[in-house]
Number of protein chains: 2
Amino acid sequence: MYSTTSHKWSLASQDMAFKRKLSLYAVLVILVFLWFVGVKNRGGITYFSSEEDRYKNMRDALDAYEMELKFTREDMKRTLKLFKSSCDKWNPDLPVIYAITPTYERPAQRAELTRLSHTFMHVTNFHWIIIEDATKKSDVVTDILVQSKMNYTHLCALTPPDYKRKPKEPNWTKPRGVLQRNAGLQWLRDNRTPEDRGVVYFADDDNTYSIHIFNEMRWTKKVSIWPVGLVGGLLVEKPIVNSSGKVSGFNSAWGMDRPFPIDMAGFAISLPHLLSHPDVKFSFKVKMGHQESVFLEKLTKREDLEPLADNCTKIYVWHTRTEEPNLKFEQKLKSQGKSSLDNMKV
Amino acid sequence: MYSTTSHKWSLASQDMAFKRKLSLYAVLVILVFLWFVGVKNRGGITYFSSEEDRYKNMRDALDAYEMELKFTREDMKRTLKLFKSSCDKWNPDLPVIYAITPTYERPAQRAELTRLSHTFMHVTNFHWIIIEDATKKSDVVTDILVQSKMNYTHLCALTPPDYKRKPKEPNWTKPRGVLQRNAGLQWLRDNRTPEDRGVVYFADDDNTYSIHIFNEMRWTKKVSIWPVGLVGGLLVEKPIVNSSGKVSGFNSAWGMDRPFPIDMAGFAISLPHLLSHPDVKFSFKVKMGHQESVFLEKLTKREDLEPLADNCTKIYVWHTRTEEPNLKFEQKLKSQGKSSLDNMKV
């Protein structure tokens, strides 16, 4: 995180602290020496002109010592603060970000979750709720969560076969992540109370997030909203904010009959607000592309939305999609009962 | 980076430090009080049975003080070390990782560079050399580099139109990133000496990297090598390592006539070794898919390769590719002279 410049500054500062500690110790040694001289000579030759002088010297030394100690303490406090501010990832004074991420097994899963974890690892007070579309927790997901050293909750919720997309079906024909997101919501309802400060965000495992959006969404009062890049056939889908800072409309190119024509990556809900609506969840019985809008309708009105990302003028989230890797030789190997992995992990 | 547990530990430790500081100050106050009583009473009533007792008390207090100070210092040192180890991103004792990344303008460029920067921001002693296929530096790339607070070098090298892939041509028909990677190599040759410790890596802007690979490649003596996931039609392309820890072959599914059938993301070269081969660079006149192999042939022999990633049994790098976003409505807007961006940045 440090540029060379700030690094040099921090080194210099530690050097200073070391010098201060050295001089502190020097003062201590002098003090002990003075005291020793005093004791040694209490019955013999008196080097001090009088007892007052001796005490005066001792007092001066103590004063100087106290001053040095004060400086050292201030210096150390400054250094600690410097490290903390850019390093400490848990601050009890800040609301927690609960990111709910549905995931499923596929060749690029480890790659996608790895890079996503690298982004999340930069965010203070981050709690990753990851829900596998599976009957049991996989090694891939467990590994990534453990290695990230993040706070996390690892759950499973299997989508019934009827609701699963068939291999060649386009990805928008069946609602995805419904049971997984609902499992994440249920976990929050079971494990958090309205007194817990936090914000809930649906972060899919293939999207791209700039760190900025997390520090903005953290302060959501009820429901916040912002632009999403590369989605809905546009470079950006965004809320339109009027001069009084209220959302007055959206720029989507389709489904403008939706009250909230916005992607799952474009909004966050405060935890207390979510908990005060115990029945709100996702459903399989929603018109295609209307999942987000139907969900938000139960939680807010357009005029109550809190626009973020500089009044919705910045893109901090992108709906990226990863190409399915070309595995033509792997399939050939598979037909021969072989694999390029050969006991390696994916 | 911290889990709740280590956070609690760190808080507890600071609490302790605070208590220690408090008791330290208490001792100081007592000491000053004792001295004051001593001075006050030097001619009057003597509370101490003798002058020896007075000095003994003072000496004990000083000893206790010194001990407290020592503890405080140790405690502060420990806390600082804790913060430094997981936070400081520049360590003069470690070799530098120079990542050479060619990039070009496209709708997903900001998203891809953003998530890549989030990975690199975790790596100590990282120097990002990013070369745009353009005549002048773009705001997109500049923004990301500045915001990352990383060490970086920002260059441009335009690919001549004859060497550029046409819109509908498959991406493997023309060698890509040739002039950009060469510009990166030239910068290193112009700005670094064989005394500088470092390693050179070609990190494309759409691949996925686990943090682990950087800490392993950092210690490359000449040329190191490791598996790459999701490339060459396989789940993994990897060097085969024999029982004496030497690379004895490769598992690629095509082009096995290449001496080094491996992807650009699968090797690193130590900086002094690169600088000792001043003419080695990439070329447009190389058989399709042979760029990496021809490059490595000039730098090493198969038996000298240093296998990393646990003897090439782990995948730490994946050749991911991002789908071109669907922009059908954007194109409609464009034909009307409009854009969804409306003065926003991409």
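Note that the coordinates shown come from a computational prediction; the quantities given were computed from them, not determined experimentally.

Caption draft 1: Focus on the environment of Arg-176 of chain A. Residue and element names in this part refer to chain A. Counting through the fold element by element, Arg-176 comes out in the loop between β3 (151-156) and α5 (178-191). Overall, the relative accessible area of 36% leaves Arg-176 in the partly exposed class. With 30 residues separating them in the primary sequence, Arg-176 and Asp-206 have C-alpha atoms 13 Å apart. Engagement of the side chain of Arg-176 in a polar contact is seen with the side chain of Tyr-104, the distance being 3.3 Å.

Caption draft 2: The sheet that holds strand β11 (residues 267-270) of chain A, seen in detail. Residues and elements named next belong to chain A. In spatial order, the strands read β3-β2-β1-β4-β11-β6-β12; together these seven strands make up an open sheet with mixed pairing. Pairing within the sheet leaves two strands with one partner each, and these edge strands are β3 and β12 (306-307). Judged from the two bridges that link them, strand β6 (residues 223-225) and β12 form a sheet pairing that is parallel. Opposite Ser-224, over in β12, you have Glu-306 as the bridge partner. Sheet contacts for helix α3 (residues 109-120): β1 (96-103) and β2 (126-132); angle to β2, the most-contacted strand, approximately 165 degrees. The strands touched by helix α4 (residues 139-148) within the sheet are β1, β2 and β3, with β3 carrying the most contacts at an inclination of about 170 degrees.

Caption draft 3: A look at the environment of Gly-198 of chain A. All names here are of chain A. Tracing the chain through its elements places Gly-198 in strand β4 (residues 198-202). Taking the C-alpha atoms as reference points, Gly-198 and Met-150, 48 residues apart in sequence, are found 16 Å from one another. In contact with Gly-198, other than residues within four places in its own chain, are Pro-95, Val-96, Tyr-98, Ser-270, Leu-271 and Pro-272.

Caption draft 4: Molecular detail of the packing of aromatic side chains. All told, the structure shown has 30 aromatic pairs over all chains when counted by the stated rule. Centre to centre, the rings of Phe-267 of chain A and Phe-295 of chain A are 6.4 Å apart; their planes meet at 35 degrees, and the pair counts as tilted. In this pair, Phe-267 of chain A sits in strand β11 while Phe-295 of chain A sits in helix α8 (residues 291-297), placing the two residues 28 residues apart along the sequence. Classification of Phe-267 of chain A as buried rests on a relative accessible area of 0%. Measuring from ring centre to ring centre gives 5.0 Å for Phe-202 of chain B and Phe-282 of chain B, while their planes differ by 80 degrees; the resulting arrangement is edge-to-face. Here Phe-202 of chain B is found in strand β4 (residues 198-202), whereas its partner Phe-282 of chain B is found in the loop between α7 (271-275) and α8 (291-297), with 80 residues between them in sequence. For Phe-202 of chain B, a relative accessible area of 1% translates into the label buried. An aromatic cluster is present here, built from Phe-120, Phe-126, Trp-128, Tyr-201, Tyr-209, Phe-214 and Trp-226 of chain A joined pairwise through their rings. For Arg-181 of chain A, the ring lying beneath its charged end belongs to Phe-282 of chain A, and the centroid distance is 5.8 Å. The ring of Tyr-104 of chain B carries Arg-106 of chain B above its face, with NZ or CZ at 4.4 Å from the centroid.

Caption draft 5: Representation of the packing of α3 of chain A against α4 of chain A in the model. Residues and elements named next belong to chain A. The interhelical angle for the contact between α3 and α4, taken along N-to-C directions, is 20 degrees, at an axis separation of 10 Å. By the criterion of interaxial angle, the relationship of α3 to α4 is roughly parallel. Considering how the two elements wind past one another, α3 and α4 form a crossing that is right-handed. On α4, the residues that touch Gln-109, Arg-110, Leu-113, Thr-114 and Ser-117 of α3 are Val-140, Val-141, Asp-143, Ile-144 and Ser-148.

Caption draft 6: Representation of the UniProt feature "glycosylation site" (unreviewed entry) in chain A within the structure. Residue and element names in this part refer to chain A. Mapped onto the present numbering, the UniProt feature "glycosylation site" (unreviewed entry) falls on Asn-311. Note on placement: Asn-311 falls in helix α9 (residues 309-312). In this structure, Asn-311 is in contact with Val-241 and Gly-245, ignoring residues within four places of it in sequence.

Caption draft 7: Fine view of the UniProt feature "binding site: Mn(2+)" (unreviewed entry) in chain A. The UniProt record marks Asp-206 of chain A with the feature "binding site: Mn(2+)" (unreviewed entry), using the residue numbering of this structure. Mapped onto the elements, Asp-206 of chain A comes out in the loop between β4 and β5 (208-209). With relative accessibility at 18%, the residue Asp-206 of chain A sits in the buried group. Residues within four places of Asp-206 of chain A in sequence aside, it is in contact with Glu-112, Thr-320 and Arg-321 of chain A together with Arg-115 of chain B.

Caption draft 8: Local environment of the pattern of salt bridges. All chains considered together, the criterion is met by 16 salt bridges over all chains. The partner of Lys-287 of chain A in a salt bridge is Asp-257 of chain A, with the nearest N and O atoms 3.9 Å apart. Taken together, the positions of Lys-287 of chain A in the loop between α7 (271-275) and α8 and Asp-257 of chain A in the loop between β10 (247-250) and β11 put the pair 30 residues apart, joining distant regions of the chain. Between Arg-106 of chain B and Glu-112 of chain B there is a salt bridge; the shortest N-O distance is 3.5 Å. For the pair Arg-106 of chain B and Glu-112 of chain B, a shared accessibility class is recorded, and that class is buried. Taken together, the salt bridges that share partners define one network made up of Arg-106, Glu-112, Arg-115 and Asp-205 of chain A.

Caption draft 9: Here's a closer look at helix α3 (residues 109-120) of chain B. Residues and elements named next belong to chain B. A rise of 1.5 Å per residue sets the reference length of α3, with its twelve residues, at 16 Å; its end C-alpha atoms lie 16 Å apart and thus fit the reference within 8%. Burial runs high along α3: twelve of the twelve residues are buried. Where α3 is concerned, the buried positions are Gln-109, Arg-110, Ala-111, Glu-112, Leu-113, Thr-114, Arg-115, Leu-116, Ser-117, His-118, Thr-119 and Phe-120.

Caption draft 10: Spatial organisation of the nonpolar core. The biggest cluster of nonpolar side chains holds 34 residues, and the ones touching the most others in it are Leu-188, Phe-202, Phe-267 and Phe-295 of chain A. Among the elements that line this core, the one with the most residues is α5 of chain A, at five residues. With residues up to four places along the chain from it excluded, the contact list for Phe-202 of chain A reads Ile-100, Arg-181, Leu-185, Tyr-209, Met-264, Ala-265, Phe-267, Ile-269, Phe-282 and Phe-295 of chain A. Listed in part, the 33 residues of the second largest apolar core include Trp-90, Phe-202, Phe-260 and Phe-267 of chain B.

Caption draft 11: Fine view of the confidence of the model for chain A. Residues and elements named next belong to chain A. Residues with a pLDDT of 70 or more make up 79% of chain A, whose mean pLDDT is 85. This stretch, residues 1-16, has a pLDDT under 50; its non-local contacts, to residues over four places away or in other chains, come to 29 contacts. Ignoring residues within four places in sequence, the model shows residues 40-46, a span with pLDDT below 50, making five contacts including any to other chains. Interface predicted TM-score (ipTM) for the complex: 0.75; the corresponding pTM is 0.76.

Caption draft 12: Representation of the pairing of β3 of chain A in the model. Residue and element names in this part refer to chain A. Of the pairings in the sheet, the one linking β2 to β3 comprises six bridges and is parallel in character. Paired with His-127 across the two strands is Asn-151, which belongs to β3. Handedness of the β-α-β unit built from β2, α4 and β3 comes out right-handed.

Caption draft 13: Focus on the sheet that holds strand β6 (residues 223-225) of chain B. Residues and elements named next belong to chain B. Within the open sheet, the seven strands sit side by side as β3-β2-β1-β4-β11-β6-β12. Their pairing is mixed. Only two strands of the sheet have a single partner each, and these edge strands are β3 (151-156) and β12 (306-307). In this fold helix α5 (residues 178-191) packs onto β1 (96-103), β2 (126-132), β3 and β4, with an angle of close to 135 degrees to the strand it touches most, β2.

Caption draft 14: View of the side chain of Asp-206 of chain B. One buried charge, Asp-206 of chain B, has no salt-bridge partner; the nearest side chain with opposite charge is Arg-321 of chain B, at 4.4 Å. Once residues lying within four places of it in the same chain are set aside, the contact partners of Asp-206 of chain B are Arg-115 of chain A together with Glu-112, Thr-320 and Arg-321 of chain B.

About the thresholds
Residues numbered from 1 in each chain as written. Chains lettered and ligands numbered in written order. Predicted model: local features only at pLDDT ≥ 70, side-chain atom pairs only at ≥ 80, totals over all residues. Heavy atoms only, no water. Helix = DSSP H or I, 4+ residues; strand = E, 2+ residues; numbered from the N terminus. Buried < 20%, exposed > 50% of the residue type's maximum accessible area, 1.4 Å probe, protein only. Polar contact = N/O pair within 3.5 Å; in protein donor to acceptor, adjacent residues only side chain to side chain. Pairing = 2+ DSSP bridges. Contact = heavy atoms within 4.5 Å. Axes fitted to C-alpha atoms, helices over the stretch in contact; angles between N-to-C directions. Phe/Tyr/Trp six-rings, centres within 6.5 Å; stacked < 30°, edge-to-face > 60°. Lys NZ or Arg CZ within 6 Å of the ring centre and 35° of its normal. Parallel < 35°, antiparallel > 145°, perpendicular 65-115°, else oblique. Left-handed = near helix turned anticlockwise from the far one by under 90°. UniProt positions renumbered as here; feature names shortened; annotations may be inferred. Salt bridge = Lys/Arg side-chain N within 4 Å of Asp/Glu carboxyl O. Expected span 1.5 Å × (residues − 1). Core = buried A, V, L, I, M, F, W, Y, C linked by side-chain atoms within 4.5 Å. pLDDT = per-residue confidence, 0-100. Right-handed = clockwise from strand over helix to strand, strands pointing away. Lys, Arg positive; Asp, Glu negative; His and termini not counted.

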